[in-house]
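# Report on the structure
Okay, here's what each chain looks like letter by letter:
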Amino acid sequence: MTTLKDIGEELSLSVATVSRALNGFPEVSLRTRQKVRETADRMGYRPNRVAQRLVTGRSGMVGMVLKIKPDMTADEMFFEILTRLTAALSVRETDLVLAVDQGTDPVAPYERMIERNILDGFILNAPQTNDPRIAFLRQRGIPFVVHGRAAPDADYAFYEIDNQAVSADAVDLLVALGHKSIALINGTLRHAYAADRLTGFKTAMARHGLRPQATSEAVIESHGYTKALAMLAAGTPPTAFLCASTQVAAGVVRATADRGLRIPRDVSIVAHDDAHSQVRAVDFDPPLTVTRAPLRDACEPLAELLLDVLGGKPAPECQRLIKAELIVRGSTGPAPKEA
């Protein structure tokens, strides 16, 4: 079994330096830390977790809470994300501890996990505006990183796509195609991402001198269908839709067909695509124009950012705001001439 001494002899470093490098101590240069980690991997070194905690005060375990619906189901995509996140943490010698929550108090599962005193920190997902989990963990001094952010001025570690730009980019594309009557079928507004997308939508429409045709909330395909059907039956129906997801867009496509309209001749559709394996944008007819930012791409950065926080890196250096890619396909076209 490879020991710290073996690694030290290989690199002509002291055991203390090797230990500090493997545990991410900032007094060891980044170059040395990388060299030590590479050598440790090559030599098959596996840390003694008990000794590691005595040295660093860290257990090598972080927590995450999975919100389960009353019918004991969860978003299928979440399990793919969970697998990728576990793998991303594993290569950083960190284990993910998962808890399931069916209660009404969002803070309670975090309290229970903290009481066991075995976790170094948490990864939070699906933040809401004024999220009580964030306030609770900050009050307790518990390190965390958020997949998303509860407010644009967040001063904690996060990985997030620019959701205001998601809406703005879609509006800009549609306006360039001549559309003036544009509707947003958004996510649930209690979620911070949906609030940001609504802000981005209204701001972009105002910038072009336009008023939003309509806004509504939807989560699944049937919601998108009923919302779009009602809008298309109105006196002045929209000629374009922005959809919160490909699932919602599938409902809008059905509603459009039921009204005897064609895409994109009569109605254009833009959706946000998190790369859902069961509802692929390219499988639509015509293929969907999307703002694309796969959820799976967040796993590596979230693992890295949390380890940076645990290593003492300041919060402003542990924030990543990325831009979604705009992919133009067949579901968008020029506004109808009569519009």
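Residues numbered from 1 in each chain as written. Predicted model: local features only at pLDDT ≥ 70, side-chain atom pairs only at ≥ 80, totals over all residues. Heavy atoms only, no water.

## Some thoughts on the overall build of the chain
In terms of helices and strands, the chain carries 12 helices and 12 strands. For the chain, the residues scored as buried account for 48% of the 339 residues in total. As presented, the chain carries roughly 16800 Å² of accessible surface, and 51% of it is formed by carbon and sulfur atoms. If you average the places of the 40 positive and of the 40 negative side-chain charges in the chain, the two averages end up 2 Å apart. (Helix = DSSP H or I, 4+ residues; strand = E, 2+ residues; numbered from the N terminus. Buried < 20%, exposed > 50% of the residue type's maximum accessible area, 1.4 Å probe, protein only. Areas by Shrake-Rupley, 256 points an atom, 1.4 Å probe, with all protein chains shown as cover. Lys, Arg positive; Asp, Glu negative; His and termini not counted. Charge placed at Lys NZ, Arg CZ, Asp CG, Glu CD.)

## So, the sheet that holds strand β2 (residues 95–101)
Here we have six strands laid out as an open sheet, ordered β2-β1-β3-β4-β5-β11, and parallel in their pairing. Edge positions in the open sheet fall to β2 and β11 (319–322), since each of these has one partner strand only. Averaged over neighbouring strand pairs, the angle between their axes works out to 20 degrees when direction is ignored. Pairing analysis gives two bridges linking strand β1 (residues 61–67) to strand β3 (residues 121–125), with the strands arranged parallel. The residue of β3 that forms the bridge with Val62 is Gly121. The sheet contacts of helix α6 (residues 108–115) involve β1, β2 and β3, and relative to β1 the element is tilted by about 155 degrees. Those strands touched by helix α7 (residues 132–140) are β3 and β4 (144–147), and its axis lies near 165 degrees from that of β3. (Pairing = 2+ DSSP bridges. Axes fitted to C-alpha atoms, helices over the stretch in contact; angles between N-to-C directions. Contact = heavy atoms within 4.5 Å.)

## Brief notes about the domain arrangement of the chain
One can read the domain layout of the chain as domain 1 (4–47), domain 2 (61–160 + 296–322) and domain 3 (163–294). A C-alpha centroid distance of 51 Å is found between domain 1 and domain 3. (Domains from an automatic or database assignment.)

## Regarding unusual backbone geometry
Across the junction of Ile263 and Pro264, the peptide omega takes the value 5 degrees, indicating a cis bond. Along the chain, the position of Pro264 falls in the loop between α11 (246–258) and β9 (268–273). The omega torsion of the bond from Asp285 to Pro286 falls at 0 degrees, within 30 degrees of zero and hence cis. Inspection of the secondary structure assignment puts Pro286 in the loop between β9 and β10 (289–292). A positive phi angle, close to 55 degrees, is found at Asn117, a residue other than glycine. Looking at the element boundaries, Asn117 is found in the loop between α6 and β3. What makes Asn117 exposed here is its relative accessible area of 55%.

## Focus on empty space enclosed by the protein
Which parts of space are left empty comes out when a probe the size of a water molecule is rolled across the atoms. Summed over all chains, the structure comprises one cavity of 30 Å³ or more. The calculated volume of the largest cavity comes to roughly 90 Å³. Lining of the largest cavity is provided by 13 residues; of these, Val166, Ser167, Leu242, Cys243 and Thr291 occupy positions nearest its centre. (1 Å grid on protein atoms, 1.4 Å probe; cavity = no way out; pocket = protein on both sides within 12 Å on 5 of 7 lines; lining within 4 Å. Points joined across faces, edges and corners; volume = space filled by probe spheres on them.)

## Section: the pairing of β10
Direction of pairing for β9 relative to β10: parallel, over a ladder of four bridges. Bridge pairing in β10 places Ala271 opposite Val290. One ladder, built from three bridges, connects β10 with strand β12 (residues 325–327); its direction is antiparallel. Following the sheet pairing, Val290 is matched in β12 by Ile327.

## Notes on the confidence of the model for the chain
In this model, the chain carries an average pLDDT of 88, and 93% of its residues clear a pLDDT of 70 or more. Of all secondary-structure elements in the chain, the lowest mean pLDDT belongs to helix α4 (residues 49–56), at 52, while helix α8 (residues 163–176) reaches the highest, 97. (pLDDT = per-residue confidence, 0-100.)

## Some remarks on the pattern of salt bridges
Summed over all chains, the structure comprises 12 salt bridges. Note that Arg138 is salt-bridged to Asp155, the shortest N-O span being 2.6 Å. Linking Arg138 in helix α7 with Asp155 in the loop between β4 and β5 (158–161), this pair joins segments that are 17 residues apart in sequence. What makes Asp155 partly exposed here is its relative accessible area of 45%. The salt bridge involving Lys323 is made with Asp169; its shortest N-O contact spans 3.2 Å. You can see Lys323 sitting in the loop between β11 and β12 and its partner Asp169 sitting in helix α8, a full 154 residues away along the chain. With relative accessibility at 55%, the residue Lys323 sits in the exposed group. (Salt bridge = Lys/Arg side-chain N within 4 Å of Asp/Glu carboxyl O.)

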